[in-house]
Structures are given as structure tokens and as C-alpha cells.
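Chains, contacts and geometry: an overview
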Amino acid sequence: METAMERRRVETVSSPDSVEDELELSAVRHRPEGLEQLEAQTRFSRKELQILYRGFKTECPSGIVNEDTFKDIYSQFFPQGDASTYAHFLFNAFDTDHNGSVSFEDFVMGLSILLRGTVQEKLNWAFNLYDINKDGYITKEEMLDIMKAIYDMMGKCTYPVLKEETPRQHVEVFFQKMDKNKDGVVTIDEFIDCCQNDENIMRSMHLFENVL
């Protein structure tokens, strides 16, 4: 049932092109942060945020995305492979407060880092993606899970077709280089140091940005 407050909110809308009005209209379930605040927290301009929000609202009228919806949207970009597992890991990386949903703020903050962040910021974000259980370390198994998910999504459109053991071979090479003290886990300092000082790994990280 529509409340009086909701009726007044709708009645006060005068311009459908106003982002502020759009934000108000989305308040039935979720109200994004103010535009000025997002502009200050990201590297997007006011106009860019307006365009991003309209696209987000088109796909997600409620203002939030659950994992199933996220997978459906993401799979559209990779119809040649199985993107569901990678989309699961990616969703968890965007879901920074781990509440099972991604809001517009979550989405735009992550996108700002991926598109316009510094190398350090991008590597921090990538580390969080690979750290599946969020315990502050990357294990070889976690790295393999991510790598397999990427190959499941991209492998069918590569030439020559990748062999099943290829992800494990790549992980063995990467992990040996990253795990400097050979304790079986990779810390964020080891991860960043290795990525910044190894041209091959850095190139691979840039390639992975294409599927982030």
C-alpha cells in the first residue's frame, strides 16, 4: 500500500532527468548515497554517475542486485563459456559489506577502482578477489579456483583450445613467484610486490581486468 510520504515524494518530482529525483524514486527499497558524496568518493564525474545510475536502475529497478541477478547480467557478456563461477567470485568482491547484495554504491566504488584506480588500488582489489574466504591470505587452492573460473569463462573462445591442466600449470608458476617466504600462503604485500616487479604477471593481471 502506498504511504502518504511516498505519494508526496512522487508528486514532488518535476524533472525525470534529475538524478536527485531518480534517487528519491528508488527509495522504496534502497536509497543510494547522495550524488555529491559518490562524486567525492569515486573518480567519476556527476554526469558519468548519472549515466551509470540510469543503466544500473534499468537492470535493477530495486536499487540492489542479488547474486542470481548478477550472474544473469554477467553471463550475457560471455555467452561462449560458463561465467557463473567467476561471477560468483566477482559478486563477493563487489559485495564489500558481505550482506548478500550489491548496491549502486558498491558497484560504482568498485568500478571506479577497476577503471581509474592507481596500480596499487587495482592490485588491492585483485587481492581481495583472489582471497576468496577473506582471511587476508591467498592460498594456492584459492588462486586455482579463480583461474579455473576464468578459463571456464574464456577458454572456449581461445585458440588453440586450452588444455584442462593449463590453469594449474599457471598457478604453480605464479604462486611460486609470489610466495616469497615459502609458507604456503601469499600475503597482500607479497602479492603487490611480485605483481609490480614481474612483467609477465603484471601483463596477466591487465588481461584479467578485461573480465573483471
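Residues numbered from 1 in each chain as written. Predicted model: local features only at pLDDT ≥ 70, side-chain atom pairs only at ≥ 80, totals over all residues. Heavy atoms only, no water.

You'll find the protein entered in an unreviewed UniProt entry as Kv channel-interacting protein 4, with Monopterus albus given as the organism. Taken verbatim from the UniProt record of the protein, the Sequence similarities (unreviewed entry) comment is "Belongs to the recoverin family." (UniProt positions renumbered as here; feature names shortened; annotations may be inferred.)

So, on to the environment of Asn92. Here Asn92 is to be found in helix H6 (residues 84-94). Separated by 42 residues in sequence, Asn92 and Lys134 have C-alpha atoms that sit 9.7 Å apart. Setting aside residues no more than four positions away along its own chain, Asn92 makes contact with His98 and Lys134. (Helix = DSSP H or I, 4+ residues; strand = E, 2+ residues; numbered from the N terminus. Contact = heavy atoms within 4.5 Å.)

What follows is about the UniProt feature "domain: EF-hand" (unreviewed entry) in the protein. As annotated in UniProt, the feature "domain: EF-hand" (unreviewed entry) corresponds to residues 82-117, 118-153 and 166-201 in the numbering used here. Within residues 82-117, the helical portion is 67% and the strand portion 8%, while the C-alpha atoms at the span's ends are 28 Å from each other. Helix makes up 72% of residues 166-201 and strand 6%, whereas the separation of the span's terminal C-alpha atoms amounts to 16 Å.

You will see that Lys134, though not glycine, has its phi angle at about 55°, which is positive. Along the chain, Lys134 falls in the loop between helix H8 (119-130) and strand E3 (138-139). Despite not being glycine, Lys182 has its phi angle at roughly 55°, a positive value.

Attention now moves to the environment of Asp193. Structurally, Asp193 can be placed in helix H11 (residues 188-197). C-alpha separation for the pair Asp193 and Met178, spaced 15 residues apart in sequence, amounts to 8.2 Å.

This structure, assessed with the given rule, holds 7 salt bridges. The salt bridge partner of Arg116 is Glu48, with a shortest N-O separation of 2.8 Å. In this pair, Arg116 sits in helix H7 (residues 104-116) while Glu48 sits in helix H4 (residues 46-59), placing the two residues 68 residues apart along the sequence. With a shortest N-O distance of 3.2 Å, Asp198 and Lys177 are connected by a salt bridge. One end of the pair, Asp198, is in the loop between H11 and helix H12 (199-209); the other, Lys177, is in helix H10 (residues 166-178), with 21 residues separating them in the sequence. With a relative accessible area of 33%, Lys177 lands in the partly exposed category. (Salt bridge = Lys/Arg side-chain N within 4 Å of Asp/Glu carboxyl O. Buried < 20%, exposed > 50% of the residue type's maximum accessible area, 1.4 Å probe, protein only.)

Time to look at the side chain of Asp131. Along the polypeptide, Asp131 turns up in the loop between H8 and E3. It is Lys134 that comes nearest to the buried, bridge-free Asp131 among opposite-charge side chains, at 6.0 Å. Among the polar contacts made by the side chain of Asp131, one reaches the main-chain amide nitrogen of Asp135 at a distance of 3.2 Å. Each residue touching Asp131, except ones within four places of it in the same chain, is listed here: Gly136, Tyr137, Ile138 and Glu142. (Lys, Arg positive; Asp, Glu negative; His and termini not counted. Polar contact = N/O pair within 3.5 Å; in protein donor to acceptor, adjacent residues only side chain to side chain.)

Let us now look at the state of the cysteines. Counted by the stated rule, this structure contains 0 disulfides. Cysteine Cys195 is unpaired, with the sulfur of Cys194 as its nearest cysteine sulfur at 6.0 Å. (Disulfide = S-S within 2.5 Å.)

So, about the packing of aromatic side chains. Using the criterion set out here, one finds 12 aromatic pairs in the structure. Taking 5.5 Å as the distance between ring centres and 65° as the angle between the ring planes, the aromatic pair formed by Phe70 and Phe91 counts as edge-to-face. Residue Phe70 is located in helix H5 (residues 67-75), and its partner Phe91 is located in helix H6; the two are separated by 21 residues in the primary sequence. Each ring, one from Tyr130 and one from Phe191, has its centre 6.2 Å from the other, and the planes form 45°; the classification is tilted. With Tyr130 in helix H8 and Phe191 in helix H11, this residue pair connects regions lying 61 residues apart in the sequence. A relative accessible area of 1% places Phe191 in the buried class. Taken together, the aromatic side chains of Tyr53, Phe56, Phe70, Tyr74, Phe78, Tyr86, Phe91, Phe94, Phe104, Phe107 and Trp125 make up a single cluster linked through ring pairs. (Phe/Tyr/Trp six-rings, centres within 6.5 Å; stacked < 30°, edge-to-face > 60°.)

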